[in-house]
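# Breakdown of the fold
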Amino acid sequence: MDNPQRETPYGDHKPHGNGAKYIILLLVGLAIGVLATVMLLRALEGRKTWQDHFPGAAMHLMEAHAAQLGGKIKANRCSASDSQPHIKALRTVSDDLEPAFPGLADDARFAGHAGDLRATLDAALASPAEGCESLAATTKKIGENCKACHQDFR
């Protein structure tokens, strides 16, 4: 007898390695980990109150109105009826800067920046822009007020 072959329980096929099983198990574990992380992050976000969202909301709202003023200038729609609603909204939100950032409310630099912004907005409300050049100058000054504060506190 030359070389007798033993028949295996798998027939003529050799058993495969377990590599594919481990890869699938790894992918399932990763998917479960990602889902658990997302659920945890959403639960933590859901515990936040309006006070937690207030600073970001105030900044986003101011950014939106400033961007709309810039859009008015680009569209050459610079009349008082086009620009004043956004300047009024900026002025209203600027009253909430200290409450939005209670940790900075007592800082003289922060109060100074907030006061400068309010003074710029009050001046813009008192004498509305007569054209795109004056609105651009007002918008530039508003941006400078914002930038000065962001350089100190961002």
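These lines cover the structure that appears in this document, whether it is placed above or below.

About the cut-offs
- Residues numbered from 1 in each chain as written.
- Predicted model: local features only at pLDDT ≥ 70, side-chain atom pairs only at ≥ 80, totals over all residues.
- Heavy atoms only, no water.
- Helix = DSSP H or I, 4+ residues; strand = E, 2+ residues; numbered from the N terminus.
- Buried < 20%, exposed > 50% of the residue type's maximum accessible area, 1.4 Å probe, protein only.
- Contact = heavy atoms within 4.5 Å.
- Areas by Shrake-Rupley, 256 points an atom, 1.4 Å probe, with all protein chains shown as cover.
- Expected span 1.5 Å × (residues − 1).
- Arc of directions from axis to C-beta.
- Patch = residues over 30% accessible without salt bridge, like charges linked within 9 Å, V, L, I, M, F, W, Y side chains within 5 Å.
- Salt bridge = Lys/Arg side-chain N within 4 Å of Asp/Glu carboxyl O.
- Phe/Tyr/Trp six-rings, centres within 6.5 Å; stacked < 30°, edge-to-face > 60°.
- Axes fitted to C-alpha atoms, helices over the stretch in contact; angles between N-to-C directions.
- Parallel < 35°, antiparallel > 145°, perpendicular 65-115°, else oblique.
- Left-handed = near helix turned anticlockwise from the far one by under 90°.
- Nonpolar A, V, L, I, M, F, W, Y, C, P; charged D, E, K, R; others polar.

### Re the overall build of the protein
Looking only at helices and strands, the protein features six helices and zero strands. In the protein, the order of α-helices and β-strands from amino to carboxyl end is α-α-α-α-α-α. The burial tally for the protein puts 22% of its 154 residues in the buried class. Sequence separation of 24 or more characterises 71% of the internal contacts of the protein that already satisfy a separation of 6 or more. Accessible area for the protein stands at about 11400 Å²; split by element, carbon and sulfur atoms hold 59% of it.

### Re the environment of C146
For C146, the location among the structural elements is in helix 6 (residues 132-153). Spatially, the C-alpha atom of C146 lies 7.3 Å from that of L117, the residues being 29 residues apart in sequence.

### Notes on helix 6
Along its 22 residues, helix 6 runs 31 Å from first to last C-alpha, staying within 8% of the 32 Å computed at 1.5 Å per residue. Within the span of helix 6, buried status applies to C132, L135, T138, T139, I142, N145 and C149. Seen end-on, helix 6 carries its buried residues on one side only, within an arc spanning 145 degrees. Exposed residues lying more than 90 degrees from the buried face of helix 6 are E133, K140, K147 and Q151.

### Some remarks on a nonpolar patch on the surface
Together, I23, L26, L27 and L30 make up an exposed nonpolar region whose accessible area comes to about 410 Å². On the secondary structure map, L26 appears in helix 1 (residues 19-46). For L26, a relative accessible area of 54% translates into the label exposed.

### A closer look at the packing of aromatic side chains
The final tally for this structure, using the stated rule, is three aromatic pairs. Between F110 and F153, the ring centres sit 5.6 Å apart and the planes meet at 90 degrees, which makes this aromatic pair edge-to-face. Linking F110 in helix 5 (residues 108-126) with F153 in helix 6, this pair joins segments that are 43 residues apart in sequence. Ring pairing ties together the aromatic residues F101, F110 and F153, which thus form one cluster.

### Looking at the side chain of D82
Examined against the element boundaries, D82 turns out to sit in helix 3 (residues 80-94). Note on D82: relative accessible area 14%, which makes it buried. Apart from residues no more than four positions distant in its own chain, D82 is found in contact with K72 and R77.

### As for the packing of helix 2 (residues 50-74) against helix 3
Orientation of helix 2 relative to helix 3, taken along the N-to-C sense of each, is 160 degrees, at an axis distance of 9 Å. In terms of axis orientation, helix 2 runs roughly antiparallel to helix 3. As for the relative orientation of helix 2 and helix 3, their crossing is left-handed in sense. Residues A58, L61, M62, H65, A66, Q68, L69 and K72 of helix 2 touch helix 3, and the partners they reach there are D82, S83, H86, I87, A89, L90, V93 and S94. For the contact of helix 2 with helix 3, a count of residues per class yields nine nonpolar, five polar and two charged.

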